[in-house]
2 protein chains.
Amino acid sequence: MSQIYWSMRLSKVLLLIVALAGAAASAAHAGSGPDVAHFTLSNGLEVVVVPDHRAPVVTHMVWYKVGAADETPGKSGLAHFLEHLMFKGTEKNPGQTFSRQVAEGGGQENAFTASDYTGFFQRVPREHLKEVMAFEADRMTGLVLTDEVVRPELNVVLEEQNMRIANNPGARLGEQMDAALYLNHPYGRPVIGWRHEIEKLDRDDALAFYRRFYTPNNAIVVVTGDITADEVKADAEATYGKVAERAPSNPRQRPTEPVQQAPRTVTLADARVEEPSISRDYLVPSETTAKSGESEALDVLAHVLGSGEDCRLYRILVVDKGIALSAGAYYTGTALDYAKFGVYGAPKPGTTLRQVEAGIDAIIDDVVAHGITADELDRAKNRLIADAVYAEDNQATLARWYGAALATGQTVDMVRTWPDRIRAVTADAVQQAARTWLDRRKSVTGYLVKSLQPEESHS
Amino acid sequence: MSQIYWSMRLSKVLLLIVALAGAAASAAHAGSGPDVAHFTLSNGLEVVVVPDHRAPVVTHMVWYKVGAADETPGKSGLAHFLEHLMFKGTEKNPGQTFSRQVAEGGGQENAFTASDYTGFFQRVPREHLKEVMAFEADRMTGLVLTDEVVRPELNVVLEEQNMRIANNPGARLGEQMDAALYLNHPYGRPVIGWRHEIEKLDRDDALAFYRRFYTPNNAIVVVTGDITADEVKADAEATYGKVAERAPSNPRQRPTEPVQQAPRTVTLADARVEEPSISRDYLVPSETTAKSGESEALDVLAHVLGSGEDCRLYRILVVDKGIALSAGAYYTGTALDYAKFGVYGAPKPGTTLRQVEAGIDAIIDDVVAHGITADELDRAKNRLIADAVYAEDNQATLARWYGAALATGQTVDMVRTWPDRIRAVTADAVQQAARTWLDRRKSVTGYLVKSLQPEESHS
C-alpha cells in the first residue's frame, strides 16, 4: 500500500495527476504541537480539527474509509473511478457547481484514492468553510450519475492509466511487483485498477459502491486552519449532521497473507528503459499493525539505510564503491494491514544489476550483524523529527497526516506522540527490526531492464 | 489449475490422500468409441451415461460445478472442507449410513476437489446404482452439520494440509508459484486453502457454500458401466429428479488476468530438499478457452518436449549432456479459464540449477526457431491417442474424463472428437504454439533448493 492517486482537476476534462507516494510515506507524522479536537457526530461522522491561525484560510478534507483494497474482485479501479465521478454533480448542485464555487472564491480542490481510503479536499478562505461542508455533505449521498457523464469519464480514467502506468515501465513493474508481493491480500491490486477490468466498469458498479461506502459513519472530516473546534462543530452539525446513515461502516476485513516462505523476483523489460534498476520490497508491519516501537524502528532503519546522501546505501554504493548512480530505501508505514519496506539502486554503466543487488545485500547483512552506530541513530531521529515539525507548517500536510492516520486505524494520539516514539527508538531496536523484517522470504525483487538478457533476467 | 485432491476414506477419521494431478492432466481425452448419452432433467441436472458391459459394475459420479476458484476471498479451502463434510450424514441417512451401505455392497467410494469442481463417486455392483443415486440425491440438499462433526473434521483437513503441503517443500513451492503465476485470477489460491484461512472456517461458512452451490442445476451425474441410458434415466428421474432447484447455477465469472508482462521467479529453500529442481509454468489457454487446434498443439508440444525418455528434454539434458537427473514437460488443459504448460528439470550433483535452466531454454528456443520433426509429430500423436484408447478400459477414468470436461465448460462432443483433433495437429501448429505460448513474460520459474545461496536464490 503506497500508491496514492492525487487528481488535480484543472478544467472539465483535463486531469493532471501528481504522484505523491513519497510525501504520503511520512504522512502520519504530525508533531505534538497544535491542539487537536476530535469528536463524532450522532450519525457516526468523525471530525478532526487542527487550528492554525497564521492565515485566514482553511483546508477541509473528507476521507472515506474505503479504497482499492475494498473492491470486489473483478471490479478493480472502482474506488478510483468513483472518486472521478464524485465531480459530476448532484440534484441540488448539478454539474460543476461545487467546483466552480470553490474556484470563484479563490480556492483549490483536489481528490485522491489509495488502497485504504478515498479523499476530497478544498483549501478556501475561512468564511467559505460552511459552504464547502454543505457541498461535500450534499454529494455524500446526492450524487447523480447518468451514462452520459459516466462513459466519457471512463475514457478519462483509461487515459490516466495509459499515461501513468501503460507508458511507464517503472510503474508497470511496480504493478507486477505488488501482485507478486501480496499472495492473498488485495493490496496486490493496482489502485487505478487492472486495465481490462477498468474497461468494464459502468454506472451501476459506481452507484452500488457509492451507496455501500459513502455514508457519514464511514467518513472522517479533517479541518485545519484559521478556525476553532467549536466553530467547526457547529458548521459540521448544520451540514454533515443532517446526512442520515445509509449503510453500515466498512468492516475492512480483507483476506490476509499466508506465511510467506519464498523470495520472488519480477523482471520487466522495455525498450524505453534507459537506466536499469533493481528494487526490492519487503512485507513489513504498518504503523497500525506493528508491535509497540516496531514501525518507529523501521522508520529509523529506512532513514539510516537509504535517505539522503549520507545514508549507507548512497554513501557506499554511489560514493565509495562508485557502482551505482542512485540507491536508497523507504518505509511506507501508513496502512491498515501491511506496509512495504523498500530498497533500490541503479547501476552505473558497466556495472550489472546483480553487482548492485549484492552491494545492497551486503549493506543489509552488515546492519543485521552489527547494527547501526549511535551517531547514525541520532542523526536519523533528529532528521525525522525535524521533518515532521517543518511539515506542520503546511496546512494541507497537517490535514493529510491526521486523515491518513485515522483512515488507516490509527488514533489522534498516535499521530501526536509520533515524535516522542521516534525519540525512544534504540539502536538495538533498529538492528532487531532489520533482523526480523528484512527477510528475503517475505520479499519481491524487481528488475527493470531494457531487454530480457540471460544475466539480467536471472534465467 | 492442476491441483486435484482425491480423498480416499478408509475409516471414519483416517484419510489417505492421493495426488492424481498427472492423471488428471489428460483426463478429458476419451476416445470416440462408446455410445454416450447426455440429457438434462427438468430440474437442470445434467446426466452423462457411458455404457460398458464388460463387468456387472457401474461407476457413479456426481460433479458439482464449484471449486476452490469460486470461494469468497478470505474463505479459501471452503470447497474442499465442504467435500469432507459431505460425509457427515443427512437427516434421512444419518452418520456413516451412505458409506457403510457402499462398503457392505462391496463397493468403493471417493471424493475430490479442484479449482473448478467438486466430485463424489462410487463404484458398486450394477444393482446398487439406484440406491447410490438416492443416497447422493439425498445429500445434495439434506446434509446435517453440527459443530460436533464440523470441528473435528476441520482438524482432519488441517492435518491433511500439514501432510500434503506444510511438510512437503515441493508442494509449498507449488503454492507460492501459483500465487505468483496468477496476478488476479483465483487459480492463484491453493485448492486446499491457505492454512490461516482454513483454520477459521466454520459450520456457517460450510452451510452457506453448500446452500449456494449444491443444487441439481449446478451438478452433472456421470455413470459408466453395465447399464443402459434408459435405465439410468429412469433411476435418475426417480431419485435426483425429485430434488428441487434451490439456488441459481454458478455463473463462474471469475476475475481475469491482466496482460502479463514480467517473468517471475520464486525460490523456496528447505533443509529437507535433497534434490534441487527448477520448474517453470507458463500461463496458456485451456481446452475450453483455446482457439481451434491450439490446445491440441500444446498437448503434442508437451509430449515432444517432455514426455517419456524419448522426449527432447530428457534425451538432451539427461542422456546426451548428462547434466540433469530428470527433465520433462506437461500441459494440463482441463480447466475453465486458464491452463498451465510446465517444464522442469533436476540437476545432477555438480551441475547448477542455472545450467539446467539454460539447457531447457535452449531446447525451447530450438523448437520455436526450427519446429519439430515429422517423426516427433507422428510419435507424439500416436502415443497420445493410444493412451486415450487404453485409458478407456478403466471405467472410473472414462467417467472422470466426461465429468472433468463437462464441469469445465467442454461438451461431450469435444471429448469424443479429441483423438481426431489430435490427429489433425500439424508440425507448424506445434511450432506456432511454442512461439506464441512459451513466452517468459507469462511465466513463473520456481527453484527448489536446500538453502538460499546467492547463486541458487538468484540474488
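None of these values were measured; they are calculated from a predicted model.

(A) Representation of the sheet that holds strand β10 (residues 277-284) of chain B in the model. In spatial order, the strands read β11(A)-β12(A)-β10(A)-β13(A)-β9(A)-β9(B)-β13(B)-β10(B)-β12(B)-β11(B); together these 10 strands make up an open sheet with mixed pairing. Looking along the sheet, the strands with just one partner apiece sit at the ends: β11 (324-332) of chain A together with β11 (324-332) of chain B. On average, adjacent strands in this sheet sit at an angle of 15 degrees to one another, irrespective of strand direction. Strand direction decides the pairing type here: strand β9 (residues 264-269) of chain B and strand β13 (residues 443-449) of chain B, joined by 6 bridges, are parallel. Bridge pairing in β13 of chain B places T265 of chain B opposite T445 of chain B. This element, helix α11 (residues 312-320) of chain B, spans β11 and β12 (339-347) of chain B of the sheet and lies at about 165 degrees to β11 of chain B. Each of β10, β11, β12 and β13 of chain B touches helix α12 (residues 353-370) of chain B; the most contacted strand, β12 of chain B, lies at about 130 degrees to it.

(B) Representation of the confidence of the model for chain A within the structure. Residue and element names in this part refer to chain A. On average, residues of chain A carry a pLDDT of 91, and 91% of them reach 70 or more. Counting contacts from residues 7-28, a segment whose pLDDT is below 50, to residues more than four positions away or on other chains yields 47 contacts. In the predicted structure, residues 455-459 sits below a pLDDT of 50 and forms 15 contacts with residues beyond four places in sequence or in another chain. The ipTM value of the predicted complex is 0.84, and its pTM value is 0.89.

(C) Structural view of the relation of the copies chain A and chain B. Its rotation angle being 180 degrees, the transformation that places chain A on chain B also includes 0.0 Å of axial translation and leaves an RMSD of 0.0 Å. The superposition of one copy onto the other is thereby described by a two-fold rotation axis. The overlap is high: 100% of the interface residues of chain A also sit at the interface in chain B, so the same surface is used on both sides.

(D) A look at α11 of chain B. Among the residues of α11 of chain B, R312, L313, Y314, L317 and V318 of chain B are the ones counted as buried. Among the structural elements, α10 (294-306), β11, β12 and α12 of chain B are those in contact with the buried residues of α11 of chain B.

(E) Summary view of the pairing of strand β5 (residues 57-64) of chain A. Residues and elements named next belong to chain A. For β5, the buried fraction is high: 8 of the 8 residues fall into the buried class. Of the two faces of β5, both are covered, the one formed by V57, T59, M61 and W63 as well as the one formed by V58, H60, V62 and Y64. Where β5 lies against strand β7 (residues 118-125), 8 bridges are found, and the strand directions are antiparallel. Pairing of H60 across the sheet is with Q122, part of β7. As paired elements, β5 and strand β8 (residues 219-225) share 7 bridges and run antiparallel to each other. Residue pairing in the sheet places H60 in a bridge with V223 of β8.

Cut-offs applied
Residues numbered from 1 in each chain as written. Chains lettered and ligands numbered in written order. Predicted model: local features only at pLDDT ≥ 70, side-chain atom pairs only at ≥ 80, totals over all residues. Pairing = 2+ DSSP bridges. Helix = DSSP H or I, 4+ residues; strand = E, 2+ residues; numbered from the N terminus. Axes fitted to C-alpha atoms, helices over the stretch in contact; angles between N-to-C directions. Contact = placed C-beta atoms within 7 Å. pLDDT = per-residue confidence, 0-100. Least-squares fit on C-alpha atoms with pLDDT ≥ 70 in both. Buried ≥ 20, exposed ≤ 12 C-beta atoms within 10 Å, placed from the backbone.

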